[in-house]
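Now for the letters of each chain:
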Amino acid sequence: MAEAPIDCLVTRHPHLPRDRMGHRLNGAGRRLITEAIGSLYGLDATGKDLARDEHRRWSLPVHGLTASVAHCGEFSAVALSACRTVGVDLQDERDRPHAMRWLGALLGRPPGQSASIRDFTECEALIKASHLTKETFAGVRLPDWQPGWRATNTGYPVRSAALGGDMHLALATDAEAPVRWWWQPRPTEKAVRTDALTLEPV
């Protein structure tokens with residue numbers, strides 16, 4: 001029997017809900033997850049169907065799914081799994097020198113060596129998938145990048161890719177699994193499977 005995959009849907013949005021300060025509204029994550037569940041599986045779900053555990057990880061108990069969501073700029077990513085704990089993150093190449101130096105030190109890089117945006121994205125995905133928090137992240141080590149899943153010293157493997165347009169995506173999970181990538185040019189359009197997820201056409 002084939003191992004159940006992780007489905008990862010990336011969507012381009014003309015507008016994501018924001019407050020007066022420009023921050024995305026808290027309800028946006030719930031809406032993005034339920035819309036992805038409908039798009040990929042044809043299941044009806046509302047925000048009330050979603051639950052979070054003590055580590056703030058999303059699930060949809062009625063359908064036996066776990067979920068994670070991220071949004072950056074005009075893009076969102078939702079990861080869904082029927083048997084794995086998942087975390088997903090999106091980050092762009094904004095200049096964040098202090099945060100990157102701090103993260104480099106946290107990851108055990110040589111003094112003064114900054115982390116990369118890819119590192120930052122993978123760390124955020126690990127936090128979303130696991131018991132780790134920003135306060136307990138010291139000691140985590142990321143292996144050198146290569147395509148596909150890579151083991152970390154946390155017990156949670158990670159994988160990441162540059163999507164183009166200065167955007168990076170990372171996934172983390174409690175055990176390696178096949179990934180099905182999906183692309184949705186607009187929320188009103190049908191999600192399509194892709195083997196080479198890229199934002200370059202937009």
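Since the structure is predicted, the reported quantities are computational estimates derived from the model, not experimental observations.

A.B. asks: How should I be thinking about the sheet that holds strand β8 (residues 167-173) in this particular structure?
C.D. replies: To summarise the sheet geometry, strands pair through backbone hydrogen bonds and adopt either a parallel or an antiparallel arrangement. Within the open sheet, the 3 strands sit side by side as β6-β8-β7. Their pairing is antiparallel. The open sheet has two free edges, formed respectively by β6 (86-92) and β7 (158-164), since each of these has just one partner strand. Direction aside, the axes of adjacent strands within the sheet are offset by 15° on average. Here 7 bridges tie β6 to β8, and the two strands are oriented antiparallel to one another. Of the residues in β8, the one forming a bridge with Q91 is H168.

A.B. asks: Sorry if this is basic, but what is going on with the pairing of β8 here?
C.D. replies: Two faces make up the sheet, and in a regular strand the side chains alternate between them. Judged by how many residues are buried, β8 sits mostly within the fold: 7 of 7 residues are covered. Alternating positions in β8 separate into two faces, M167, L169, L171 and T173 on one and H168, A170 and A172 on the other, with burial throughout. Pairing of β7 with β8 involves 6 bridges; the strand directions are antiparallel. Residue pairing across strands places S160 opposite A170, the latter belonging to β8. In sequence, β7 turns back onto β8 through a hairpin of 2 residues, with G165 there showing a positive phi of about 60°.

A.B. asks: I keep staring at the nonpolar core and nothing clicks. Help me out?
C.D. replies: Soluble globular proteins tend to pack their nonpolar side chains together in the buried interior. One finds V88, L90, L169 and L171 to be the most contacted residues of the largest nonpolar core, which totals 21 residues. Secondary structure elements with two or more residues in this core: β1 (6-12), β4 (65-72), β5 (75-81), β6, β8 and β9 (179-184). Apart from the residues within four sequence positions on either side, L171 is in contact with C8, A79, G87, V88, A125, W149, P157, V158, R159, V179 and W181. One finds L107, I117, L132 and V158 within the second-largest nonpolar core, a separate group that totals 20 residues.

A.B. asks: Mind showing me how you'd approach the sheet that holds β1 here?
C.D. replies: Across the sheet, 7 strands lie side by side as β2-β3-β4-β5-β1-β9-β10; this open sheet has mixed pairing. Of all strands in the sheet, those bounded by a partner on one side alone are β2 (51-52) and β10 (192-194).

A.B. asks: Is there a simple way to think about the state of the cysteines in this case?
C.D. replies: Each disulfide consists of one covalent bond between the sulfur atoms belonging to two cysteines. According to the stated counting rule, one finds 0 disulfides in the structure shown. In this model C8 remains outside any disulfide bridge; the closest cysteine sulfur is found in C72, 14 Å from its own. As a non-bridged cysteine, C83 has C8 as the owner of its nearest cysteine sulfur, 16 Å distant.

A.B. asks: Mind showing me how you'd approach the pattern of salt bridges here?
C.D. replies: Pairing of side chains with opposite charge becomes possible as their charged atoms draw close. Under the definition given, this model contains 10 salt bridges. The partner of E35 in a salt bridge is R31, and the shortest N-O contact between them spans 3.1 Å. Note that E35 and R31 are positioned in helix α1 (residues 27-41) at a spacing of 4 residues, about one turn of the helix. Residue R31 is classed as partly exposed on the basis of its relative accessible area of 29%. A salt bridge links D89 to K128; the nearest nitrogen and oxygen atoms lie 3.2 Å apart. One end of the pair, D89, is in strand β6; the other, K128, is in helix α3 (residues 117-129), and 39 residues separate them in sequence. On the accessibility criterion, D89 (4% relative accessible area) is buried.

A.B. asks: What's the story with α3 in this structure? I'm lost.
C.D. replies: An α-helical segment advances 3.6 residues per turn. Residues three or four places apart therefore align on the same side. End to end, α3 covers 19 Å across 13 residues, agreeing with the expected 18 Å (1.5 Å per residue, within 8%). Burial analysis of α3 places 11 of its 13 residues in the buried class, which makes it a mostly covered element. Within α3, burial applies to I117, D119, F120, T121, E122, C123, E124, A125, L126, I127 and A129. Elements that come into contact with the buried residues of α3 comprise β6, α2 (97-106), β7 and β8.

Definitions and cut-offs
- Residues numbered from 1 in each chain as written.
- Predicted model: local features only at pLDDT ≥ 70, side-chain atom pairs only at ≥ 80, totals over all residues.
- Heavy atoms only, no water.
- Pairing = 2+ DSSP bridges.
- Helix = DSSP H or I, 4+ residues; strand = E, 2+ residues; numbered from the N terminus.
- Axes fitted to C-alpha atoms, helices over the stretch in contact; angles between N-to-C directions.
- Buried < 20%, exposed > 50% of the residue type's maximum accessible area, 1.4 Å probe, protein only.
- Core = buried A, V, L, I, M, F, W, Y, C linked by side-chain atoms within 4.5 Å.
- Contact = heavy atoms within 4.5 Å.
- Disulfide = S-S within 2.5 Å.
- Salt bridge = Lys/Arg side-chain N within 4 Å of Asp/Glu carboxyl O.
- Expected span 1.5 Å × (residues − 1).

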